[in-house]
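Structural description and commentary
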Amino acid sequence: MEILKVQNLCKTYGSGESAVTALKDVSFSLEKGEFAAVVGASGSGKSTLLNCIGGLDTPTSGSIWLNNENLLRMKEELRTVFRRRNIGFVFQSFQLIPELNVEQNVIFPLLLDNRKPEKGAAEEILETLGLKDRRNHLPSQLSGGQQQRVAIGRALITKPILILADEPTGNLDSKNSRDVMDLLVTASRKYGQTILMITHNISLAASADRVLNVSDGHLTDLGGGYNEKLS
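The sections below set out a description of the structure shown in this document.

Reading guide: rules and limits
- Residues numbered from 1 in each chain as written.
- Predicted model: local features only at pLDDT ≥ 70, side-chain atom pairs only at ≥ 80, totals over all residues.
- Heavy atoms only, no water.
- Helix = DSSP H or I, 4+ residues; strand = E, 2+ residues; numbered from the N terminus.
- Rg over C-alpha atoms; globule rule 2.2 N^0.38 Å.
- Buried < 20%, exposed > 50% of the residue type's maximum accessible area, 1.4 Å probe, protein only.
- Contact = heavy atoms within 4.5 Å.
- Areas by Shrake-Rupley, 256 points an atom, 1.4 Å probe, with all protein chains shown as cover.
- Lys, Arg positive; Asp, Glu negative; His and termini not counted.
- Charge placed at Lys NZ, Arg CZ, Asp CG, Glu CD.
- Pairing = 2+ DSSP bridges.
- Axes fitted to C-alpha atoms, helices over the stretch in contact; angles between N-to-C directions.
- Arc of directions from axis to C-beta.
- Salt bridge = Lys/Arg side-chain N within 4 Å of Asp/Glu carboxyl O.
- Phe/Tyr/Trp six-rings, centres within 6.5 Å; stacked < 30°, edge-to-face > 60°.

1. Quick notes on the overall build of the chain
A count of helices and strands for the chain gives eight helices and ten strands. By the compact-globule yardstick of 17 Å for 231 residues, the chain fits well, its C-alpha radius of gyration being 18 Å. Its C-alpha atoms give the chain principal-axis dimensions of about 55 × 45 × 35 Å. Here the chain, with 231 residues, has 49% of them falling under the buried criterion. Sequence-distant contacts in the chain: of pairs separated by 6 or more residues, those separated by 24 or more amount to 71%. Of the roughly 11,100 Å² that the chain leaves accessible, carbon and sulfur atoms contribute 47%. Side-chain charges in the chain split into 26 positive and 26 negative, and the spacing between the mean points of these groups amounts to 4 Å.

2. Notes on the sheet that holds strand S4 (residues 61–66)
Judged by pairing direction, the sheet is antiparallel, and its four strands sit side by side in the order S2-S1-S4-S5 without closing on themselves. Each of the sheet's edge strands pairs with one partner strand only, and the pair in question is strand S2 (20–31) and strand S5 (69–70). Helix H1 (residues 46–53) contacts strand S1 (2–13), S2 and S4 of the sheet and is inclined by roughly 60 degrees relative to S2.

3. So, helix H2 (residues 76–86)
Of the positions making up H2, those classed as buried are Arg79, Phe82, Arg83 and Asn86. An end-on view of H2 places all buried positions within 100 degrees of arc, on one side of the element. On its buried face, H2 sits against S4, S5, strand S6 (87–91) and strand S7 (162–166).

4. Focus: the pairing of strand S10 (residues 218–223)
Bridging between strand S9 (residues 210–215) and S10 involves five bridges; their strand directions are antiparallel. Among the inter-strand pairings, asparagine 213 is bridged to a residue of S10, identified as threonine 220. A loop of two residues connects S9 with S10, the two strands running antiparallel in sequence, and aspartate 216 in this loop sits at a positive phi of about 50 degrees.

5. A word on the side chain of aspartate 166
Here aspartate 166 is to be found in strand S7. Of the side chains with opposite charge, lysine 46 comes closest to the buried, unpaired aspartate 166, at an N-O distance of 7.4 Å. If we ignore the near neighbours within four places in the chain, the residues touching aspartate 166 are Ser47, Leu50, Val90, Phe91, Gln92 and Ile198.

6. Some points on the packing of aromatic side chains
By the definition in use, this model includes one aromatic pair. Centroid distance phenylalanine 89 to phenylalanine 91: 5.7 Å. Interplanar angle 0 degrees. Geometry classified as stacked. By relative accessible area, which is 17% here, phenylalanine 89 ends up buried. Taking relative accessible area as the criterion, phenylalanine 91 reaches 24% and is therefore assigned partly exposed.

Spelled out as structure tokens, the structure:
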């Protein structure tokens, strides 16, 4: 089942001689439960691509379909609600609310949408993330790896159609990076989550089902078996 379809996406900043084209005719799709990693040099267009798909930036042309809904044809208010209910975000900087404990941070997206967590949903996520004994801790009482686990739980709680992860291991050491990557793989396998992740870490990208390379705004699908392509 196709979850995400990006067609002929272009993004240009500025105009005239000062115009900078960040994305050039990008097209690809993701199936339900697929985990894809986006790699590329700094400034290649990776973050622009993620921001456009997440509805945080508006492309110059092209289309983005999420679960058969045309994201770019929605009015801004409707797109905001759709994004909150259907897209989970995991950022490099965690972006947890410091005054809320672990469990409150995890369920916050539901409360923001005036919804209550399904019975046992938060408990299951906290157990999967290894955070049951930290449920009442504030972010300041957690390690960086634990904070990123909370951020992943927050992205999972709404059961979104798509999770967008922007350098989720960028602020972590190698062990915590591997742990976070394993949790994202678990989310893909256990919950059938479709995940699109930006990373500069080639070894972590190799764990994804597919690898997409962005270079000077152009996207190339490298497929699976990325370890073999590196040799």
